[in-house]
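Single-letter residue listing:
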Amino acid sequence: MFDRLQAVEDRYDKLNELLSDPTIVSDPKKLHQYSKEQSDIRETVEAYREYKDVKSQLDDAKAMLEEKLDPDMRDMVKEEISGLEEQAEILEERLRILLIPKDPNDDKNVIMEIRGAAGGDEAALFAGNLFRMYSRYAETQGWKVDVMDSSPTGLGGFKEIIFMINGSNAYSKMKYENGAHRVQRVPETESGGRIHTSTSTVAVLPEAEEVEIEIHEKDVRVDTFASSGAGGQSVNTTMSAVRMTHLPTGITVSMQDEKSQIKNREKAMKILRARVYDKFQQEARAEYDAQRKSAVGTGDRSERIRTYNYPQNRVTDHRIGLTIQKLDQIMEGKLDEVIDALILEDQSRKLESMNAND
């Protein structure tokens, strides 16, 4: 472990040199790459340097015990040693966690897509409930929510809603929401009082920057058309709506949320870039089956990850066997207990995998 930490510190020092090199400073792609790499390991390096400082103080204190000391001074030194040993132990555990391979997307903004799946109107209503839940959670984190596109239903739900969350480390927490969410409740549309089961799917995509994935203009077909509202009624007569198709992958994005074609193009390109980036990541992740097994599932969108049972005020996350009788609070955006448990479980599994490979 300490060999790895020393290698990380050496790399950090090397990155300092590289970021002072004029040839790197004048190359935006390399500057971004090295700056991000340095930022990603800064916390680990700082903790390791603090650990080395504590160990140095500990060695000095233990050396003092070899000298002739009066009883009071000896007791003070022993107390200092005890405190330093405890501090070193805490730092060592923190360093083990910091050495867990970091998801390169963790510090990114996210694009989320919620769709009503099985259950018709009730699934669309639940999609609306999930959007409200995530919006409330984003508020508690100091994040900003920006709706990019939506297809509302007459009852107040959404067939589909796409939105961006801008904020510090948004992806590191929201990535665990990727998958199928199941709801069990008596629908507002059901007069007989029977409990129905419906599902909505949530896709969580890290925002992809241009330096990370290059989409060539020749690879994108752009079609424009007039925006339309419910029932096909014309909303405006200009060709402001945009459909973009990434020809190599077949991924398509339609956008008609804005009255301006330029703004629709910008939003569509953001979503297209995120979806293409996500597709390549999914394919790369599939090549590392062992790595995927060591982590809490965040990849397969067909995976049923959570059940929301309204009659019993219960939420169950099936990936980690967590059940909480606080559905009412969770739907108000109080997701910390669930997300923190998922992060802890993910870290524990990765630590076990690392220790097994050592």
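For the structure itself, look to the data block above.
Here is what the cut-offs are and how they apply
Residues numbered from 1 in each chain as written. Predicted model: local features only at pLDDT ≥ 70, side-chain atom pairs only at ≥ 80, totals over all residues. Heavy atoms only, no water. Helix = DSSP H or I, 4+ residues; strand = E, 2+ residues; numbered from the N terminus. Buried < 20%, exposed > 50% of the residue type's maximum accessible area, 1.4 Å probe, protein only. Contact = heavy atoms within 4.5 Å. Expected span 1.5 Å × (residues − 1). 1 Å grid on protein atoms, 1.4 Å probe; cavity = no way out; pocket = protein on both sides within 12 Å on 5 of 7 lines; lining within 4 Å. Points joined across faces, edges and corners; volume = space filled by probe spheres on them. Nonpolar A, V, L, I, M, F, W, Y, C, P; charged D, E, K, R; others polar. Phe/Tyr/Trp six-rings, centres within 6.5 Å; stacked < 30°, edge-to-face > 60°. Lys NZ or Arg CZ within 6 Å of the ring centre and 35° of its normal. Polar contact = N/O pair within 3.5 Å; in protein donor to acceptor, adjacent residues only side chain to side chain. Bend = angle between axes of the 7 residues up to and from the residue. Salt bridge = Lys/Arg side-chain N within 4 Å of Asp/Glu carboxyl O.

### Let's talk about the overall build of the protein
Link 1 in the chain: Counting its regular elements, the protein contains 10 helices and 11 strands.
Link 2 in the chain: Split into buried and exposed, the 358 residues of the protein put 40% on the buried side.
Link 3 in the chain: Considering only contacts within the protein whose residues lie at least 6 apart along the sequence, 62% involve residues at least 24 apart.

### Section: helix α1 (residues 2-18)
Link 1 in the chain: Over its 17 residues, α1 runs 24 Å from end to end, which matches the ideal 24 Å to within 8%, given 1.5 Å per residue.
Link 2 in the chain: Tucked inside the fold, the buried residues of α1 contact α2 (22-25), α3 (28-64) and α4 (71-98).

### Focus on the layout of surface pockets
Link 1 in the chain: In this structure, the largest pocket occupies an estimated 900 Å³ of space.
Link 2 in the chain: In terms of lining residues, the largest pocket is bounded by 27 residues, among which Leu98, Ile100, Pro101, Lys102 and Asp106 are the most central.
Link 3 in the chain: Secondary structure elements with two or more residues in the lining of the largest pocket: α1, α3, α4, α6 (170-174) and α10 (336-357).
Link 4 in the chain: Sort the elements by how many residues they give to the lining of the largest pocket and α3 lands first, with five residues.
Link 5 in the chain: Looking at side-chain class alone, the lining of the largest pocket contains 10 nonpolar, five polar and 12 charged residues.

### Section: the packing of aromatic side chains
Link 1 in the chain: The tally for this structure, following the rule as stated, stands at five aromatic pairs.
Link 2 in the chain: Ring centres 6.0 Å apart and planes at 80 degrees place the aromatic pair Phe131 and Phe158 in the edge-to-face group. Here Phe131, found in helix α5 (residues 121-141), pairs with Phe158, found in strand β3 (residues 158-166); they are 27 residues apart in sequence, far enough to count as distant. Taken individually, Phe131 and Phe158 each receive the classification buried, so the pair is uniform in this respect.
Link 3 in the chain: Each ring, one from Tyr137 and one from Trp143, has its centre 5.8 Å from the other, and the planes form 85 degrees; the classification is edge-to-face. Across the pair, Trp143 and Tyr137 agree in class, each one buried.
Link 4 in the chain: Grouped by ring-pair contacts, the aromatic residues Phe131, Phe158 and Phe163 constitute a single cluster.
Link 5 in the chain: Seen from the ring of Tyr310, Arg185 lies directly overhead, with NZ or CZ sitting 4.8 Å from the centre.

### Quick word on the side chain of His181
Link 1 in the chain: Along the chain, His181 turns up in strand β4 (residues 179-185).
Link 2 in the chain: A relative accessible area of 0% means that His181 is categorised as buried.
Link 3 in the chain: Reaching out from His181, the side chain makes a polar contact with the side chain of Tyr308 at a distance of 2.8 Å.
Link 4 in the chain: Apart from residues no more than four positions distant in its own chain, His181 is found in contact with Phe126, Leu130, Tyr134, Ser198, Thr199, Ser200, Val202, Ile305, Arg306 and Tyr308.

### Some remarks on α3
Link 1 in the chain: For α3, spanning 37 residues, the distance from its first C-alpha to its last is 53 Å, which sits close to the expected 54 Å at 1.5 Å a residue.
Link 2 in the chain: At Ile41, α3 shows its maximal kink, close to 40 degrees.
Link 3 in the chain: If you check which residues of α3 are buried, you get Tyr34, Lys36, Gln38, Ile41, Thr44, Val45, Ala47, Tyr48, Tyr51, Val54, Leu58 and Ala61.
Link 4 in the chain: On the buried face of α3, the contacting elements are α1, α2 and α4.

### Overview of the pattern of salt bridges
Link 1 in the chain: Under the criterion given, the structure shown has 24 salt bridges.
Link 2 in the chain: Note that Glu92 is salt-bridged to Arg96, the shortest N-O span being 3.4 Å. Note that Glu92 and Arg96 are positioned in helix α4 at a spacing of four residues, about one turn of the helix.
Link 3 in the chain: A residue is classified by how much of its surface remains accessible, and Arg96, at 31% relative accessible area, is partly exposed.

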